[in-house]
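# Structure at a glance
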Amino acid sequence: MYQLDITLRRGQNLAARDRGGTSDPYVKFKLGGKEVFRSKTIHKNLNPVWEEKTSILIDNPREPVYVKVFDYDFGLQDDFIGSAFLDLTSLELNRQTDVTLSLKDPHYPDHDLGSILLSVLLAPREEQREATMLMRKSWKRSSKFQTQSLRLSDLHRKSQLWRGIVSVTLIEGHELKAMDANGLSDPYVKFRLGHQKYKSKIVPKTLNPQWREQFDFHLYEERGGIIDITVWDKDAGKKDDFIGRCQVDLSTLSKEQTHKLEMPLEEGEGYLVLLVTLTASAAVTISDLSVNSLEDPKEREEILKRYSPMRMFHNMKDVGFLQVKVIRAEALMAADVTGKSDPFCVVELNNDRLLTHTVYKNLNPEWNKIFTINIKDIHSVLEVTVYDEDRDRSADFLGKVAIPLLSIQNGEQKAYVLKNKQLTGPTKGVIYLEIDVIFNAVKASIRTLMPKEQKYIEEENRLSKQLLLRNFIRMKRCVMVLINAAYYINSCFDWDSPPRSLAAFLLFLFVVWNFELYMIPLALLLLLAWNYFLIISGKDNRQHDTVVEDMLEDEEEEDDRDDKDSEKKGFMNKLYAIQEVCVSVQNVLDEVASFGERIKNTFNWTVPFLSWLAIVALCVFTIILYFIPLRYIVLVWGINKFTKKLRSPYAIDNNELLDFLSRVPSDVQVVGKKKKKRR
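No experiment lies behind these values; they were computed from the predicted model shown.

Conventions we followed
Residues numbered from 1 in each chain as written. Predicted model: local features only at pLDDT ≥ 70, side-chain atom pairs only at ≥ 80, totals over all residues. Heavy atoms only, no water. Helix = DSSP H or I, 4+ residues; strand = E, 2+ residues; numbered from the N terminus. Buried < 20%, exposed > 50% of the residue type's maximum accessible area, 1.4 Å probe, protein only. Contact = heavy atoms within 4.5 Å. Areas by Shrake-Rupley, 256 points an atom, 1.4 Å probe, with all protein chains shown as cover. UniProt positions renumbered as here; feature names shortened; annotations may be inferred. Salt bridge = Lys/Arg side-chain N within 4 Å of Asp/Glu carboxyl O. Core = buried A, V, L, I, M, F, W, Y, C linked by side-chain atoms within 4.5 Å. Axes fitted to C-alpha atoms, helices over the stretch in contact; angles between N-to-C directions. Parallel < 35°, antiparallel > 145°, perpendicular 65-115°, else oblique. Nonpolar A, V, L, I, M, F, W, Y, C, P; charged D, E, K, R; others polar. 1 Å grid on protein atoms, 1.4 Å probe; cavity = no way out; pocket = protein on both sides within 12 Å on 5 of 7 lines; lining within 4 Å. Points joined across faces, edges and corners; volume = space filled by probe spheres on them. Pairing = 2+ DSSP bridges. Expected span 1.5 Å × (residues − 1). Phe/Tyr/Trp six-rings, centres within 6.5 Å; stacked < 30°, edge-to-face > 60°. Lys NZ or Arg CZ within 6 Å of the ring centre and 35° of its normal. Patch = residues over 30% accessible without salt bridge, like charges linked within 9 Å, V, L, I, M, F, W, Y side chains within 5 Å.

Turning next to the overall build of the protein chain. Helix and strand counts for the protein chain stand at 13 helices and 27 strands. Taken across its 679 residues, the protein chain has 45% of its residues classed as buried. Considering only contacts within the protein chain whose residues lie at least 6 apart along the sequence, 68% involve residues at least 24 apart. Accessible surface computed for the protein chain: about 35800 Å², of which carbon and sulfur atoms make up 56%.

Now the structure itself:
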């Protein structure tokens, strides 16, 4: 058994199949007469850049991989551009090779139809079984290969599922190629290490962009790996322009040391400035129930000591320890024609993804596995998803649960009802989990004021009229709060109610005459205290949001209709520009509505940990503003701002207040949690 890793790079001088002298090419890979991978479609381009990766299981390396390129035609049969065979016997094992395939048409063998550029790596399956079992791109499976034969005891002795962490800081770019008519570009950068991907923000109208973004990759190979970097120019309404590429070979970098790299761009102009650090891995393990770290007194004491208050400033990224026991599931959905399923379980915490083995032909599987993961952010949500393994195609979704770490009660075995993908309603079956969380509150509080970790694999935004309407209603409600407050203040000026207006007038005179700046955080502190008093006294002023709940249910119904009418989605390819604008508006509405709701939910004690943290911060601000004159505070702030780049040239900009609010759930997230608890 072999594994073939294919990176579909790009096409060159492909044949034109449309009237406009262009094509809309995509690529199919076939093995043994079956399609094993299909690329995305690149519109109106004879030199497309895909940069897509896939992995294929190979039983017989003497059998070539059949590569076919087509031109997509809306509503018609796609036009054949050309084909080629990838000869696996010509590849050297365990070595990545760049291959150029010349496309041919059997009916016109003399025609030049262009070429396809690939990077391929063929390796024996035994060397990659563990890593691929624990992380498979898009959960695709080509065959049911001895999954049950994996011995968890051997895997536990190996302990580390990934060997290390690669910390990358994208600083800036210099002298990039101009791709727009105005002589500038709107550059952004894509990073890829294996299956892991990261996309930077877009810096508009510049050839010398400043990004200052930091992210981490998992390192699975002891000898290192290669980070593929591509730079693109963002174009609204059409395909983004390719600026250049470069690679970072991690095997050439020493560990536990920060390397400043200036990477010239190939196939383009300019260079990127990066900081790359390789560090040892955090303790992430998988084992059976007989190996339980928290039941061993010595190991438990060591874990508690690691996250004790005395070690609050040691390794600030290591916030806490999570142990998840995936015990069993009951009454799962039957996904196969035999009335059974082949379920396996995926445990996700941000970018950490771990898998159980597959239990074949069973609707009541028992996994009895323990996962341990280090916590980087206490506000993360643990996601446990059950899939059905299918031969030669993507795994079928069976159900999912999402559990915020702060809501976990340690040591309790609970039955969680499996939900749909949107977590808005139940599917069939329950899963039994036992979860323990140990964390350092000081580290967690400091981490709250830092940027959230971005997920490498996220679903692309799609146009949804229900989602657009929901976000509009949410934004309208936030705006109406401000309008109603303005009406109330104006009614005091108009003396609609003389007693109320008189009280407001006297309060205004008192506050203006005696105002000090410390009264602002003090007033917010009193608002938090008042709402907390209402909650503990049983007079909860938080209203159940039936409007948002109804909108979520409408979205679910719309998703079901989309699944049934998937063939109609091709129409959106003709409305790409309109969709991009609508999705942008939709996301802006979501961001604005979420911002207002998160401020409200901070004072409503929706997440007590964050409300207590706000109380501590407001107390500190109140004391500082009470004892220290404002002019000195502003002076210190200004000096810090002006000298920050001089003291730390590669510092990453962030806003502590916005980072704090990003941890507070919006009303949509709150309603989702309430529905889960009710069921």
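Here the focus is the UniProt feature "transmembrane region" (unreviewed entry) in the protein chain. Mapped onto the present numbering, the UniProt feature "transmembrane region" (unreviewed entry) falls on residues 502-533 and 609-637. Helix makes up 88% of residues 502-533 and strand 0%, and the two end C-alpha atoms of the span are 28 Å apart. In the segment residues 609-637, helix accounts for 93% and strand for 0%; the C-alpha atoms at its two ends are 28 Å apart.

This brings us to the pattern of salt bridges. All chains considered together, the criterion is met by 12 salt bridges. We note a salt bridge from K325 to E434, for which the minimum N-O separation is 3.4 Å. Of this pair, K325 sits in strand β19 (residues 320-330) while E434 sits in strand β27 (residues 426-439), placing them 109 residues apart in sequence. Here the two residues K325 and E434 agree in accessibility, since each one is buried. Sharing partners across several salt bridges, the network here consists of R9, R10, E51, K53, D228, R245 and E267.

Attention shifts here to the nonpolar core. The biggest cluster of nonpolar side chains holds 45 residues, and the ones touching the most others in it are L322, V326, L382, L405, I431, L433 and I435. When residues in this core are grouped by element, the largest group, 6 residues, is from helix α10 (residues 608-627). Counting residues in hydrophobic clusters, the runner-up holds 29 residues, among them F37, V67, L103 and L122.

For the pair helix α4 (residues 441-448) and α10, the least separation of the axes is 11 Å and the interaxial angle reads 80°. Here α4 is positioned roughly perpendicular relative to α10, judged by the angle of their axes. Contacts between α4 and α10 involve A441, A444, S445 and T448 from the former and F609, L610 and L613 from the latter. Classifying every residue of the contact of α4 with α10 gives 5 nonpolar, 2 polar and no charged.

Phi is positive for K205, close to 50°, though the residue is something other than glycine. Summarising the element assignment, K205 is placed in the loop between β12 (196-199) and β13 (210-219). Given a relative accessible area of 57%, K205 falls into the exposed group. Even without being glycine, N368 reaches a positive phi, approximately 50°. Residue N368 is classed as partly exposed on the basis of its relative accessible area of 25%.

Once that is clear, we can look at empty space enclosed by the protein. For the coordinates displayed, the defined rule picks out 2 cavities of 30 Å³ or more. Here the largest cavity defines a volume of roughly 40 Å³. L349, N350, N351, D352, N374, I375, K376 and E453 together form the lining of the largest cavity. A per-class count over the lining of the largest cavity returns 2 nonpolar, 3 polar and 3 charged.

Each strand in a sheet pairs with its neighbour through backbone hydrogen bonds, running either in the same direction (parallel) or in the opposite one (antiparallel). Pairing is antiparallel across the open sheet formed by 4 strands, whose spatial order is β3-β2-β5-β6. Of all the strands in the sheet, the pair left with one neighbour each is β3 (34-38) and β6 (79-86). Here the strands of the sheet are splayed against their neighbours by 25° on average, with no regard to which way each runs. Bridging between strand β2 (residues 25-31) and β3 involves 4 bridges; their strand directions are antiparallel. Bridged to L31 within β3 is K34.

Attention now goes to helix α7 (residues 519-536). Between its first and last C-alpha atoms α7 spans 25 Å; for 18 residues at 1.5 Å apiece the expected length is 26 Å, and the two agree. Note on α7: the residue one or two positions beyond its end, G538, has a positive phi of about 85°.

For β19 and β27, the ladder comprises 10 bridges, and the chain directions are antiparallel. Of the residues in β27, the one forming a bridge with V324 is I435. As paired elements, strand β26 (residues 413-419) and β27 share 6 bridges and run antiparallel to each other. Within the sheet, the bridge partner assigned to Q413 lies in β27 and is E434.

Right, let's get into the layout of surface pockets. Here the second largest pocket defines a volume of roughly 1400 Å³. Along its surface, the second largest pocket is lined by 33 residues, and A617, F621, N655, E656 and L657 are the ones closest to its centre. Looking at the lining of the second largest pocket, the elements with two or more residues in it are α4, α7, α9 (576-603), α10, α11 (630-647) and α12 (656-661). Broken down by element, the lining of the second largest pocket gets its largest block of residues, 9 residues, from α10. Among the residues making up the lining of the second largest pocket, the classes are represented as 25 nonpolar, 5 polar and 3 charged.

Summed over the entire model, instances satisfying the criterion amount to 18 aromatic pairs. With a centroid separation of 4.7 Å and 15° between ring planes, the pair formed by Y66 and F85 is classed as stacked. Pair noted here: Y66 is in strand β5 (residues 65-71) and F85 is in strand β6, with a separation of 19 residues, a long-range link. Among the residues examined, Y66 registers a relative accessible area of 23% and is labelled partly exposed. Grouped by ring-pair contacts, the aromatic residues F191, Y198, F215 and F217 constitute a single cluster. Above the ring of Y26, the side-chain terminus of R38 is found at 3.9 Å from the ring centroid. Across the ring face of W232, the terminal group of K190 is positioned such that the distance to the ring centre comes to 5.2 Å.

Sheet faces and side chains relate simply in a regular strand, where the side chains alternate between the two faces. A one-sided burial pattern is seen for β12, the buried positions being Q196 and Y198 and the unburied ones K197 and K199. Sheet topology places strand β11 (residues 187-193) next to β12; 4 bridges connect them, and they run antiparallel. Paired with R192 across the two strands is K197, which belongs to β12. In this structure, the hairpin formed by β11 and β12 is closed by a connection of 2 residues, where G194 is found at a positive phi of approximately 65°.

Next up on the list: a nonpolar patch on the surface. Among the surface-exposed residues, V616, V620, F621, I623, I624, Y626, F627, I628 and Y632 lie close enough to one another that they form a single nonpolar patch of about 920 Å² accessible area. At 7 residues, α10 tops the list of elements feeding residues into the nonpolar patch. By the secondary structure assignment, V616 is in helix α10.

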